[in-house]
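Per-entry structural report
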Amino acid sequence: MRAYSADLYRYAWWLCRDRHLAEDLVQEAFARGWTAWAGLRDLSQAKAWLITILRNEYARGITRKQIEMCKDELTEADMPAMPSFEAGLETAQIVALLPETYREPLLLQVLGGFSCAEIAAMIGTSEGAVMTRLTRARQTLRQHYADAGKRRMAK
Amino acid sequence: MNCLEFHRQKLADPRRLSTEAQAHVHGCASCTAFARSVDETEHGLEHALATPVPDGLADRIILRSRTPNRARRVWALAASVALAAPFAIVFLGKSGRPRDDYARLAIEHVVMEPESFTTERNADAGAFGALVESAGGTLRAPLGTLRYIRLCPLEDGTCWHIVLDTPDGLATLIIVPGRTLSAMQVASTGGWSALARPTPRGYYAVVTTSSQATSRLDRLISERIEWNA
């Protein structure tokens, strides 16, 4: 439990961006995990399993519906507008502005260290769709950095 | 593998390149440069996402899991909400919303983000001037030493959370664009004092540990920020 609590907390925090709620989600995920521990066949998958429990708990208890993950093909128009004054500010804020469908696989990969195939299994979609979302998420971040760099050069 | 396929694979999972991708990058200068640039972005991303984990998290989880009856805790919580409800209704009044809710919201926000007082973040005067401008104001002179600027979620929108070092100590300024506040609000709770004041494009709130310090910073804001209609 100690090995996974920090990773689970960070993932939970990025889902809800509330430290108390994040802690409750981690608590609940471990509580459910302990109850169902016998059902875990492969111990090497414990972290992915707990993350999936946490994600479901968040969807069930907080949003009262499944997290919307059905939009595979988003266009650039779906990207949030970046106000110009954000240019010099942090990556974290840009991540927070990413559409949920891009942000979640990115969090699972960067924070959880999961592969595209593992993420696909966790969020119930294809590996190709996960690769597309991750590519677009990173392209958005890189575009933001490029725009910020141009603005700095112009000043 | 061509360069396009390499780019796609690198962006999808920078740390797990296939054997073909690794072979390609060794023989391609432009993809080597691209890979280096993606790795730099990734490093920044890892750093940005590493939210601080509260001290004693694992111990608290273990402790709570040993509490014998979870159902009892749920009932206790429900009971406390039920007992508090009549007082809340009186507090809210006939309108259904308290008259100081934006000021109270600012205090709640500060309390929920204690790291704002212990962390230096984006303490950049240019960024502060730009965000004041985006909120419809012009900064004429500094309000204090900047320590922390962050775009935070607030209810169903966002706000700018700024911490300043002032002669009265650390003070928080919260700028909320796009929300209508008809008149000034003040609130005081848990040792915090807050004041919320409308601006042409939203409102701002000042939170400090005393009503005097809050008033002083509010006065300074009125002297040093010109709000454009």
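Residues numbered from 1 in each chain as written. Chains lettered and ligands numbered in written order. Predicted model: local features only at pLDDT ≥ 70, side-chain atom pairs only at ≥ 80, totals over all residues. Heavy atoms only, no water.

Overall, the prediction assigns chain A a mean pLDDT of 76, with 75% of residues at 70 or greater. The least confident element of chain A is helix H4 (residues 91-97) of chain A, whose mean pLDDT is 76; the most confident is helix H5 (residues 100-110) of chain A, at 91. (pLDDT = per-residue confidence, 0-100. Helix = DSSP H or I, 4+ residues; strand = E, 2+ residues; numbered from the N terminus.)

Moving on to the layout of surface pockets. In this structure, the largest pocket encloses a volume near 550 Å³. Considering the residues around the largest pocket, the lining is formed by 23 residues, among which Arg17, Asp18 and Arg19 of chain A together with Met112 and Glu113 of chain B are closest to the centre. At the level of elements, helix H1 (2-16) of chain A together with helix H6 (101-112) and strand E2 (145-154) of chain B are the ones that each hand at least two residues to the lining of the largest pocket. For the lining of the largest pocket, a count of residues per class yields 12 nonpolar, three polar and eight charged. Taken domain by domain, the makeup of the lining of the largest pocket includes at least three residues from each of domain 2 (51-83) and domain 3 (114-227) of chain B. (1 Å grid on protein atoms, 1.4 Å probe; cavity = no way out; pocket = protein on both sides within 12 Å on 5 of 7 lines; lining within 4 Å. Points joined across faces, edges and corners; volume = space filled by probe spheres on them. Nonpolar A, V, L, I, M, F, W, Y, C, P; charged D, E, K, R; others polar. Domains from an automatic or database assignment.)

In this section: the interface of chain B and chain A. On the chain A side, the residues contacting the 43 residues of chain B number 48 residues. Here chain B meets chain A over a buried area of about 4,200 Å², counting both sides, of which 61% is carbon and sulfur. Inspection of the region where chain B meets chain A yields one salt bridge. Residues Glu42 of chain B and Arg138 of chain A are paired through a salt bridge, measuring 2.8 Å at the closest nitrogen-oxygen approach. At the surface where chain B touches chain A, the tally comes to nine residue pairs in polar contact (both at pLDDT 80 or more). Only helix H1 (3-12), helix H3 (29-49), helix H4 (57-65), helix H7 (125-134) and E2 of chain B provide two or more residues apiece to the side of chain B that touches chain A. Residue contributions to the side of chain B that touches chain A peak at nine residues, all from H3 of chain B. Its residues placed into classes, the side of chain B that touches chain A shows 25 nonpolar, six polar and 12 charged. (Contact = heavy atoms within 4.5 Å. Buried area = accessible area lost by both parts, 1.4 Å probe. Salt bridge = Lys/Arg side-chain N within 4 Å of Asp/Glu carboxyl O. Polar contact = N/O pair within 3.5 Å; in protein donor to acceptor, adjacent residues only side chain to side chain.)

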